[in-house]
Amino acid sequence: MQHLDENGKARPAPPCVMVIFGAGGDLTRRKLIPSLYHLMREGLLPDEFAVVGVDRLEISDEDFRARFEQTLREYRATEFEDAVWQRLAERLHYSQGDFKDPQAYRQLQQRMAHCAEVHRAPGNYLFYMATPPSLFSEIIRLLAEAELTLEQDKGWRRVIIEKPFGKDLDSAIALNRQLHQYLTESQIFRIDHYLGKETVQNIMAFRFANGFTEPTWNHQFIEHVQITVAESVGVEHRGTYYEEAGALRDMIPNHLLVLLGFVAMEPPNSFDAYAVRDEVNKVMRAVQPLSPEDVLTHAVRGQYAEGVMPNGEKVPAYRGSPGVDPQSRTETYAAIRFMIDNWRWADVPFYLRTGKRLGGQYSEIVIQYRHVPFRLFRDTPVEQVHANQLVIRVQPDEGIQLSFSAKIPGPTMRLGTVNMDFCYNDYFGNAPTTGYETLIYDAMNGDATLFKHADTVEAGWELVAPVLDVWSALPPRDFPNYRAGSWGPAAAGELLRRDGYRWRHIL
Ligand code: BG6
C-alpha cells in the first residue's frame, strides 16, 4: 500500500515484464488491459515495462494491440487518450503457444528476454494466470521446468492466480501443495477481486482512522451484522461452471468472508502484508464451525424459478439457462449464520447472504447497533426508539450511511429516524476503475497485503465444508424455491426471524 516518492505521491512500479497466460480471453480484455491503461494514465507504470500475452491464437503483435484498442475505445468508463494508448500499445507483445506444450515455454523465454532487453526491464517477471483454473498447476510446472520461476540476480518472479482456489477444502490444500512445489508463498499472489474494491479497503480506514468507531465496534454495542452480496444477473453464459460451483462455493468462502474478515478483525499493527493477513486469519479461525445439525438450521439454500425483474423484464428459471441441467439441484442462493468465538464478538450473529436473480444488484454490510434503554421516553408519545444502523455500501452507489433518531420539531417529544449519508462520488468523484489496478500495481511492488495467503483460502473452505457436506448428502426437495426478481427463499427470512431480527430491506 505504501510505495511513495519523497512528495508523498505513489511512484511508478519497478521495471518488469508482465506475462499474461490466457491473453485472448475475457478477463484480459475486460479487466487486465483496461487496468494497465489506467495505471499508465496515472503514471504508475514505469517506462521499463512490457507485456507478453500468451495464447493459442495465431496473431501478430499488431493484431493483438488492435483488439484492445477497440475495446478501450468502446469502454465508456474511460476517456480514451491516444498518447496513453500509444505508450501502452508499444509495450504489448504476443507469443503464440499451447499452454501444455513445453516448446511454447522455450519460445516464451526468448520473447521475454527480447522484451526485457528492448524495454530495459531485465530480471523481473510477473506471470498472470488468466486461464481456466484447471490449467494453473500445469502452467506453473512447465514455467518452473523452463526455469522461469527461479528468482536470481535480484530479479523477482511472481505469479498471480485468480479464484476459484479449489472447489473444496481437499482440492484447495492440493492446489496449494502443488503451487508450493515450485514457488515460495511470497511469490504467489492470489486474487480475490473483492480485496481490490476501494470500499472494501475503506472498511479498515473507517474502523481504524476514526476515534468514534472502534470503542463501539464490539458485542457491547453491536447486536448483529448482515453481509449481503445480491445480484440481479443470472448465470449468463457460465451455466456449465455454475452447475459445478453453486452460490455457496462461488461467493461465500471468498468474497463474503473477505467482507466478514475486514469487519471483524482486530486492528493490525501496520499495513504490512503479514500483519493484516494474520489478523484476518485469526478471525477466520475464531469463526465457529457449524455442526451438521447447525447446518440444518443455520444455512439456507435456494434456486430461482422464472420471474419478473424490478425493471419489468421476464426472465426464465435457472433450470432453463444454457448449460444447466433441467433438473438441476445447484443452489443459486445461499445464506449462513456464523458466530465468532472471541471476546469482541461474543453472542453477535453474522448473517451472510448471496444469490443470483435477486430483486437488486447490491453489496452491503449492515452493522445493527443495540437498543438504548427506553425508560427516559416512557411518559412521552414515543412508542419505540429505533436502534442505530450503520450501512456500508460496497457497491453500487458506494458510501456509508448511519441512521439515527432525531426529535421531530414541535411541542412534544416525538422521534423520527434520519440518515447521515456519505457518498464516495460526492467527495472523491468517480474515477474509472476495473478494481484490478491496485492489485496489479501492488503485485508489481511485491505487496501482498490485498492478496490471499494459503491459510486464508483453506480457512474459508474449512468454514463452508460442513455445509457442502450436508447439502450434498441431503439433496434439496423444494427447488426452485424463489422467484427471479424476489429477495430469495422464505427460509432465509426465517433464519433471522428466529433470533428476533429481519434482513434490511434493500430498495
Ligand atoms: C465472481 C463470481 O467471483 O464474482 C460471479 O464468480 C459473481 O458469479 C462475481 O457474479 C461478483 O463480483 P462483483 O464484483 O460484480 O460483485
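Okay, so let's go over this structure. The structure displayed is predicted, hence computed values, not measured ones.

Cut-off values and rules
- Residues numbered from 1 in each chain as written.
- Predicted model: local features only at pLDDT ≥ 70, side-chain atom pairs only at ≥ 80, totals over all residues.
- Heavy atoms only, no water.
- Helix = DSSP H or I, 4+ residues; strand = E, 2+ residues; numbered from the N terminus.
- Rg over C-alpha atoms; globule rule 2.2 N^0.38 Å.
- Buried < 20%, exposed > 50% of the residue type's maximum accessible area, 1.4 Å probe, protein only.
- Contact = heavy atoms within 4.5 Å.
- Areas by Shrake-Rupley, 256 points an atom, 1.4 Å probe, with all protein chains shown as cover.
- Lys, Arg positive; Asp, Glu negative; His and termini not counted.
- Charge placed at Lys NZ, Arg CZ, Asp CG, Glu CD.
- Near = heavy atom within 4 Å.
- Polar contact = N/O pair within 3.5 Å; in protein donor to acceptor, adjacent residues only side chain to side chain.
- Nonpolar A, V, L, I, M, F, W, Y, C, P; charged D, E, K, R; others polar.
- Salt bridge = Lys/Arg side-chain N within 4 Å of Asp/Glu carboxyl O.
- Expected span 1.5 Å × (residues − 1).
- Bend = angle between axes of the 7 residues up to and from the residue.
- 1 Å grid on protein atoms, 1.4 Å probe; cavity = no way out; pocket = protein on both sides within 12 Å on 5 of 7 lines; lining within 4 Å.
- Points joined across faces, edges and corners; volume = space filled by probe spheres on them.
- Pairing = 2+ DSSP bridges.
- Axes fitted to C-alpha atoms, helices over the stretch in contact; angles between N-to-C directions.

The next thing to look at is the overall build of the chain. Across its full length, the chain carries 14 helices and 18 strands. Taking 2.2 N^0.38 as the reference for a compact globule, 507 residues should give roughly 23 Å; the C-alpha atoms of the chain span a radius of gyration of 24 Å, in line with that estimate. Here the C-alpha coordinates of the chain stretch approximately 80 × 60 × 45 Å along the principal axes. Across the 507 residues in the chain, those meeting the buried criterion constitute 55%. Sequence-distant contacts, at least 24 apart, represent 77% of the contacts inside the chain between residues at least 6 apart. Approximately 23300 Å² of the chain is accessible, and the part contributed by carbon and sulfur atoms is 50%. Each charge class in the chain can be summarised by its mean position, and for the 54 positive and 67 negative side chains these summaries are 4 Å apart.

For the rest of this paragraph, the subject is the site of the ligand. Near the ligand you find Lys163, His193, Tyr194, Lys197, Glu231, Arg238, Asp250, Met251, His255, Lys356 and Gln395, and these make up its full shell. Measuring from an oxygen atom of the ligand, one finds a side-chain N or O atom of glutamine 395 at 2.7 Å. Protein chains shield 79% of the accessible area of the ligand, which is 400 Å² for the free molecule. In terms of residue count, the dominant contributor to the shell around the ligand is helix α8 (residues 239–264) (3 residues). Residues of the shell around the ligand, tallied by class, amount to 2 nonpolar, 3 polar and 6 charged.

Evaluated as defined, the whole model comprises 26 salt bridges. The shortest N-O distance in the salt bridge between aspartate 47 and arginine 91 comes to 4.0 Å. Within this pair, whereas aspartate 47 is found in the loop between α1 (26–41) and β2 (49–55), its partner arginine 91 is found in the loop between α3 (82–89) and β3 (92–96), the two being separated by 44 residues in sequence. Aspartate 47 sits in the partly exposed class, given a relative accessible area of 47%. What makes arginine 91 buried here is its relative accessible area of 8%. Put simply, glutamate 145 and arginine 141 hold a salt bridge, and the shortest N to O gap is 3.0 Å.

The next thing to look at is helix α13 (residues 454–473). Each α-helix winds once per 3.6 residues, and so residues spaced three or four apart point in a common direction. Along its 20 residues, α13 runs 28 Å from first to last C-alpha, staying within 8% of the 28 Å computed at 1.5 Å per residue. Where α13 bends most, the angle comes to about 40°, and this point is valine 464, followed within four residues by the proline proline 466.

With respect to the secondary-structure elements, arginine 73 resides in helix α2 (residues 61–74). In this structure, the C-alpha to C-alpha distance between arginine 73 and tryptophan 85, residues 12 residues apart in sequence, is 9.9 Å. With residues near it in sequence (within four places) discarded, arginine 73 still touches Phe80 and Asp82.

Now for the layout of surface pockets. A volume near 530 Å³ is recorded for the second largest pocket. Looking at the lining of the second largest pocket element by element, the count peaks at 3 residues for strand β7 (residues 222–230). Its residues placed into classes, the lining of the second largest pocket shows 3 nonpolar, 12 polar and 3 charged.

To continue, consider the pairing of strand β12 (residues 333–339). Burial analysis of β12 places 7 of its 7 residues in the buried class, the great majority of the element. A two-sided burial pattern is seen for β12, the buried positions comprising Tyr333, Ala335, Arg337 and Met339 on one face and Ala334, Ile336 and Phe338 on the other. With 4 bridges connecting them, strand β8 (residues 299–302) and β12 associate as antiparallel partners. Each residue of the ladder has a partner; that of alanine 299, found in β12, is isoleucine 336. In the sheet, β12 pairs with strand β13 (residues 349–355) via 7 bridges, with the strands oriented antiparallel. Looking across to β13, one finds that methionine 339 is bridged to proline 349.

Here we come to the sheet that holds strand β1 (residues 16–21). In spatial order, the strands read β3-β2-β1-β4-β5-β6; together these 6 strands make up an open sheet with parallel pairing. Each of the sheet's edge strands pairs with one partner strand only, and the pair in question is β3 and β6 (188–191). The average angle at which neighbouring strand axes cross in this sheet is 20°, direction not considered. Bridging between β1 and strand β4 (residues 125–129) involves 5 bridges; their strand directions are parallel. Bridge assignment links phenylalanine 21 to a residue of β4, and that residue is methionine 129. Where helix α6 (residues 169–182) meets the sheet, it contacts β5 (157–162) and β6, and its direction lies at approximately 150° from that of β6.

One water molecule sets the probe size; rolling that probe over the atoms shows where empty space is left. Taken as a whole, this structure holds 3 cavities of 30 Å³ or more when the rule is applied. Taken together, 17 residues make up the lining of the largest cavity; nearest its centre are Leu195, Phe262, Val280, Lys452 and Thr456. The set of elements that each furnish at least two residues to the lining of the largest cavity consists of α8 and α9 (273–286). Among the elements that make up the lining of the largest cavity, the one with the highest residue count is α8 (6 residues). Lining the second largest cavity we find Lys163, Pro164, Phe165, Pro253, Asn254, Lys452, Val457 and Trp461. Broken down by secondary-structure element, the contributors of at least two residues to the lining of the second largest cavity are α8 and α13.

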